[in-house]
Amino acid sequence: WYDDALTLLNLAADRSDVAVTALGTVLRHYQNQRDAAGQYRALRRLYTLRAQDASIANNLAYFATLTGRDAALAERLAPANHEAEPANAAYTATYAFVLLMKGDTSGAMTLLRPLVSQWRQKPAVAFAYGLALAATGRKDEARAPLTSLADTDLSPREQELIRNALN
């Protein structure tokens, strides 16, 4: 009944009185399915309703970058979130990831340097830091942060990025 439920939830998302709740449920479904493209679509719709919500903007920037969609939006949202809350490790990790995927390894490493000691506690930092280390040719050092991430929590695209970084 997943398809029917998603159809109903997406229809409900068109109603202003329940849109945010319906999209939150859709987003959770795609999170459980580890469906990065689905998460991007749900976050894109949520962002149109709650553009002022930095957490939604951060997740949208991450999934836009992960899925290769709307790079211009991600490149606008990620630095804005980081500048507004530079102490927020998740926002910094997302911004570093956006820079990495854009080819700016040096900029990503500069952002991540103050967070290096936090990678064991913060999966977002472990992911971005591990990818950045691998991109600088330090694959042996990248192995620990990247393999600390549980495959069961990662989307196929994230798993692919890790495999490619370590090979």
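Please refer to the structure higher up on the page.
Here's what I pulled together on the structure shown here. Remember, it's a predicted structure, so these values are computed and weren't measured experimentally.

## As for helix α10 (residues 156–166)
Phase 1 of the analysis: Within α10, burial applies to E158, Q159, L161, I162, A165 and L166. Along the axis of α10, the buried residues cluster in a sector spanning 160°; they form a single face.
Phase 2 of the analysis: Next to the buried residues of α10 lie α4 (54–67), α6 (89–102), α8 (123–135) and α9 (139–147).

## Some details on the packing of aromatic side chains
Phase 1 of the analysis: Using the criterion set out here, one finds four aromatic pairs in the structure.
Phase 2 of the analysis: An angle of 70° between the planes, with centres 6.2 Å apart, marks the rings of Y62 and F127 as edge-to-face. Note that Y62 is positioned in helix α4 and F127 in helix α8, a separation of 65 residues in sequence. The same class applies to Y62 as to F127, namely buried.
Phase 3 of the analysis: We classify F127 as buried; its relative accessible area is 5%.
Phase 4 of the analysis: Grouped by ring-pair contacts, the aromatic residues Y62, F63, F97 and F127 constitute a single cluster.
Phase 5 of the analysis: Above the plane of the ring of Y30 lies R41, whose end atom (NZ or CZ) is 5.5 Å from the centre.

## Quick notes on the pattern of salt bridges
Phase 1 of the analysis: What the rule picks out here adds up to four salt bridges.
Phase 2 of the analysis: Note that D70 and R44 form a salt bridge whose closest N and O atoms lie 3.4 Å from each other. Taken together, the residues span a long stretch of sequence, with D70 in the loop between α4 and α5 (71–84) and R44 in helix α3 (residues 36–49) at a distance of 26 residues.
Phase 3 of the analysis: Notably, a salt bridge pairs R157 with E160, separated by 3.3 Å at the nearest N-O pair. With R157 and E160 both in helix α10, this residue pair falls three residues apart, about one helical turn.

## A few points about the nonpolar core
Burial of nonpolar side chains together is a common tendency in soluble globular proteins.
Phase 1 of the analysis: By size, the foremost hydrophobic cluster in this structure holds 56 residues, and its most contacted members are F127, L131 and L146.
Phase 2 of the analysis: Examining the composition of this core, we find that nine residues originate from one element, α8, more than from any other.
Phase 3 of the analysis: Once residues within four sequence positions are removed from consideration, L146 is found in contact with A126, F127, G130, L131, I162, A165 and L166.

## Considering the side chain of N58
Phase 1 of the analysis: Its place among the elements puts N58 in helix α4.
Phase 2 of the analysis: Beyond its immediate stretch of four places on either side in the chain, N58 contacts N81, A90, Y91 and T94.

## Observations concerning the environment of H29
Phase 1 of the analysis: Here H29 shows up in helix α2 (residues 19–33).
Phase 2 of the analysis: Sequence spacing of H29 and K102 is 73 residues, and the spatial spacing of their C-alpha atoms is 29 Å.
Phase 3 of the analysis: Residues contacting H29, with those up to four places away along its chain left out, are Y2 and L6.

## Some words on unusual backbone geometry
Phase 1 of the analysis: In this model, R34 sits at a positive phi of 55°, which is unusual for a non-glycine residue.
Phase 2 of the analysis: Secondary-structure assignment places R34 in the loop between α2 and α3.
Phase 3 of the analysis: Positive phi, normally seen in glycine, also occurs at D70, with a value near 55°.

Criteria and cut-off values
- Residues numbered from 1 in each chain as written.
- Predicted model: local features only at pLDDT ≥ 70, side-chain atom pairs only at ≥ 80, totals over all residues.
- Heavy atoms only, no water.
- Buried < 20%, exposed > 50% of the residue type's maximum accessible area, 1.4 Å probe, protein only.
- Helix = DSSP H or I, 4+ residues; strand = E, 2+ residues; numbered from the N terminus.
- Arc of directions from axis to C-beta.
- Contact = heavy atoms within 4.5 Å.
- Phe/Tyr/Trp six-rings, centres within 6.5 Å; stacked < 30°, edge-to-face > 60°.
- Lys NZ or Arg CZ within 6 Å of the ring centre and 35° of its normal.
- Salt bridge = Lys/Arg side-chain N within 4 Å of Asp/Glu carboxyl O.
- Core = buried A, V, L, I, M, F, W, Y, C linked by side-chain atoms within 4.5 Å.

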